[in-house]
Amino acid sequence: MDQVGERTGAGPAGATDRWLRHAIGKLARAGAGYLADLVVPPVCLACRKPLGVHDSLCADCWREIDFIRPPVCDRLGIPMPFDIGGVMISAQAAADPPVYDRARAVAHFGSVVRDLVHQLKYADRHDARRLFGRWLLDAGLPLLQDTDVILAVPLNRWRLLERRFNQAAILAAELSALSQIPADPLLLVRSRRTPSQVGRTRDQRRRSMAGAFTVPASRRTAVAGRNILLVDDVITTGATVEACARALKSAGAARVDVLALALVTDRTRINP
Ligand SMILES: [Zn+2]
């Protein structure tokens, strides 16, 4: 703006017009990305180091992310030690099958992913949402092929009032826009507030989450016979998504799959 002011005051009117036309033409050719760069220069979403592009991470932060890649257990989404071909089920899933059908997650819940999720959840900074959407699309492809409707794990309404947004709903909306599969945030409600799950065992979490979610009577026909993809930010023990899946299956859902940004595994179980 200062530059425009100086030039307007200095040179003859014709030169100013030409400079303005040139500047406007340049902006129009460069498009919205150029304008966005002028307003907010691109930085790494995790460490804020300057970058050449928006919605990405620097090389150092990328290296820190422990992406979950095939082969994985078809039920729990946890990595399998070797690929024997076909659909594989882990010993853990065979011994104690989850209520949901299949889970997938983008990455182990390591340091950089933890910081990014924390920003999304508590810091009111949603600038990683586009990157998260692309990651979820990639990790969720085998599930999305069968999905009729995408659903975020709902927050209790008091928690929603405190936080003003549901981080899972932000992820579900991004995934819906990228996959062109509709998201329906009203299929499930959190019928009661649940205590903090930190430090609890899987069984304790299962018990405290039992009956925490319900399908409203008005939405039961929208659930019956449908393949539903539940989206959450982090799967810790799976108790929350299991409680959601149980409510959806009781209302007649044909299939309930789960997709998350991060999965707490044996590699990341310290301080989940
Ligand atoms: Zn970085």
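Located above this text is the structure these notes cover.
Residues numbered from 1 in each chain as written. Predicted model: local features only at pLDDT ≥ 70, side-chain atom pairs only at ≥ 80, totals over all residues.

Some words on the nonpolar core
Residues L151, L230, V231, L248, L261 and A262 are the most contacted members of the largest nonpolar core, which totals 63 residues. The set of elements that each furnish at least two residues to this core consists of strand 1 (102–108), helix 5 (111–121), helix 6 (129–144), strand 2 (149–152), helix 8 (167–179), strand 5 (227–235), helix 11 (239–250) and strand 6 (255–263). Apart from residues lying up to four places away in sequence, L248 is in contact with L188, V215, V223, I228, A253 and V256. (Core = buried A, V, L, I, M, F, W, Y, C linked by C-beta atoms within 7 Å. Buried ≥ 20, exposed ≤ 12 C-beta atoms within 10 Å, placed from the backbone. Helix = DSSP H or I, 4+ residues; strand = E, 2+ residues; numbered from the N terminus. Contact = placed C-beta atoms within 7 Å.)

A short note on the pairing of strand 5
Buried residues dominate strand 5, accounting for eight of its nine residues. Pairing analysis gives four bridges linking strand 2 to strand 5, with the strands arranged parallel. Across the sheet, V149 pairs through a bridge with I228, a residue of strand 5. Of the strand pairs in this sheet, strand 5 and strand 6 are connected by eight bridges, and their pairing is parallel. (Pairing = 2+ DSSP bridges.)

Things to note about the sheet that holds strand 2
Taken together, the four strands give an open sheet; going across it, the order is 1-6-5-2, and neighbouring strands pair in parallel fashion. Edge strands, defined here as strands with exactly one partner in the open sheet, are strand 1 and strand 2. When strand polarity is set aside, the average angle formed by the axes of neighbouring strands in this sheet is 20°. Looking at chain direction, strand 1 and strand 6 are connected through six bridges and run parallel. (Axes fitted to C-alpha atoms, helices over the stretch in contact; angles between N-to-C directions.)

Brief notes about helix 11
A rise of 1.5 Å per residue sets the reference length of helix 11, with its twelve residues, at 16 Å; its end C-alpha atoms lie 16 Å apart and thus fit the reference within 8%. Buried residues dominate helix 11, accounting for nine of its twelve residues. Every buried residue of helix 11 is listed here: A239, T240, V241, E242, A243, C244, A245, A247 and L248. Check the buried side of helix 11 and you find it contacts helix 9 (202–209), strand 4 (213–214), helix 10 (220–223), strand 5 and strand 6. Once helix 11 ends, the next one or two residues include G252, with phi positive near 100°. (Expected span 1.5 Å × (residues − 1).)

A short note on the pairing of strand 6
With eight of nine residues buried, strand 6 is to be regarded as a mostly interior element. Read from strand 5 through helix 11 to strand 6, the crossover connection turns out right-handed. (Right-handed = clockwise from strand over helix to strand, strands pointing away.)

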